[in-house]
Amino acid sequence: RVVGLVRNNQSVAAFDRGDYAAAAEMAQQAAALAALTLDDQARIRATGNLGRALMSSGDVVAARSAFEQSLALARNVGNRGAEAIALYNIAFAIQMESGLVEEEPAAEAKACVFDAIAIFEELGYKRELARALLGLAGVLAPGDEVLRAIARARDIFSGLGDTDAVAAADAMRANVLESR
């Protein structure tokens, strides 16, 4: 278990350095070790980290698969926070895969984000909720619903004192208004 934890931490460190290939390799090793030790929580973290690394390296299909594995594991052990994060990541992968050009993937992405938002609200995870709201704004057609999601996210970030996120929400709102 210790080696798996170290590999998972190495994966995060490599990701933070921008070395996505190393991050993916370490996450795969961590997931394999966690499977051997039957540590589902570690597998959830490792498959989520693997998905992030693969997404950042451009392998969206493999990233989505890793996020779906993380989701299945999270649901299996009842880890609602990890479930919400996996749902949000799946929505982002769908968006990257399809560009939301087709109606069905857009609907699937929206459903994942709505489910993630509900779980984040249930758990009281404010920062994650605000990020998911901004993600929702990214999968909705420009309109009042988008502006409400952005405004709600902005209010949450403001309450958390996150001025950078407030500025990002303001910029997103300006872009939506400009595109009208």
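Preceding this section is the structure that the text describes.
The rules behind each value
- Sequence positions are assigned chain by chain, starting from 1 and proceeding in written order.
- Whole-chain, interface and lining totals are the exception, using all residues; otherwise, since this is a predicted model, local features are given only for residues with pLDDT of at least 70 and side-chain atom pairs are given and counted only at 80 or more.
- Hydrogens and water molecules were not included; the side-chain quantities draw on all heavy atoms of the structure.
- For this analysis, a nonpolar core means a set of buried residues of the types Ala, Val, Leu, Ile, Met, Phe, Trp, Tyr and Cys, connected via side-chain atoms within 4.5 Å.
- Using a 1.4 Å probe on the protein chains alone, a residue whose accessible area is under 20% of its type maximum counts as buried, one over 50% counts as exposed, and one in between counts as partly exposed.
- The helix count covers DSSP runs of H or I at least four residues long, the strand count covers runs of E at least two residues long, and both are numbered beginning at the N terminus.
- Whether two residues are in contact is decided by their heavy atoms, any of which lying within 4.5 Å being enough.
- For helices, the axis comes from a line fit to the C-alpha atoms of the stretch in contact; other axes are also lines fit to C-alpha atoms, and the angle between any two N-to-C directions lies between 0 and 180 degrees.
- Note that the term roughly parallel is reserved for angles under 35 degrees, roughly antiparallel for angles over 145, roughly perpendicular for angles of 65 to 115, and oblique for everything else.
- Crossing handedness follows the turn of the near helix against the far one: under a right angle anticlockwise gives a left-handed crossing, and clockwise gives a right-handed one.
- The classification used treats Ala, Val, Leu, Ile, Met, Phe, Trp, Tyr, Cys and Pro as nonpolar, Asp, Glu, Lys and Arg as charged, and all other residues, Gly among them, as polar.
- In this scheme Phe, Tyr and Trp rings, the latter by its six-membered ring, pair at centre separations within 6.5 Å, and the angle between planes marks the pair as stacked below 30 degrees, edge-to-face above 60, and tilted otherwise.
- The rule for a charge over a ring is simple: NZ of Lys or CZ of Arg within 6 Å of the ring centre, and within 35 degrees of the ring normal.

Caption draft 1: The nonpolar core, seen in detail. Core analysis: the biggest nonpolar cluster contains 48 residues, and Ile117, Leu133, Leu136, Ile150 and Phe157 have the highest contact counts within it. The element contributing the most residues to this core is helix α7 (residues 126-139), with eight residues. Residues contacting Phe157, with those up to four places away along its chain left out, are Arg127, Ala130, Arg131, Leu134, Asp162, Ala165 and Val166.

Caption draft 2: Geometry of the environment of Thr163. By the secondary structure assignment, Thr163 is in helix α9 (residues 163-179). Its relative accessible area of 59% is what places Thr163 among the exposed residues. Counting along the chain gives 15 residues from Thr163 to Glu178, while the straight-line C-alpha distance between them is 22 Å.

Caption draft 3: Representation of the packing of helix α2 (residues 20-36) against helix α3 (residues 40-56). With their axes 8 Å apart at the nearest point, α2 and α3 run at an angle of 160° to one another. With respect to α3, the element α2 is oriented roughly antiparallel. Seen from above, α2 lies across α3 with left-handed handedness. Contact residues: Tyr20, Ala23, Ala24, Ala27, Gln28, Ala30, Ala31, Ala34 and Ala35 in α2; Ala42, Arg43, Ala46, Thr47, Asn49, Leu50, Ala53, Leu54 and Ser56 in α3. Taken together, the residues of the contact of α2 with α3 sort by class into 13 nonpolar, four polar and one charged.

Caption draft 4: Focus on the environment of Ala130. Within the secondary structure, Ala130 sits in helix α7. Taking relative accessible area as the criterion, Ala130 reaches 0% and is therefore assigned buried. Here the alpha-carbon distance between Ala130 and Ala174, two residues 44 residues apart in the chain, equals 17 Å. Ignoring anything within four residues of it in the chain, the contact list for Ala130 reads Ala153, Ile156 and Phe157.

Caption draft 5: Expanded view of the environment of Ala93. Within the secondary structure layout, Ala93 lies in helix α5 (residues 80-98). Note on Ala93: relative accessible area 0%, which makes it buried. Sequence separation between Ala93 and Ala62 is 31 residues, and the spatial gap between their C-alpha atoms is 9.5 Å. The contact partners of Ala93, leaving out residues within four places of it in the chain, are Met55, Val60, Arg64 and Phe67.

Caption draft 6: Broad picture of the packing of aromatic side chains. For the coordinates displayed, the defined rule picks out two aromatic pairs. Considering the side-chain rings of Phe15 and Tyr20, the 5.3 Å spacing of their centres and the 55° angle between planes classify their relative orientation as tilted. Judged by relative accessible area, which is 19%, Phe15 ranks as buried. The cationic tip of Arg52 hangs over the ring face of Phe15; the distance from NZ or CZ to the ring centre is 4.0 Å.

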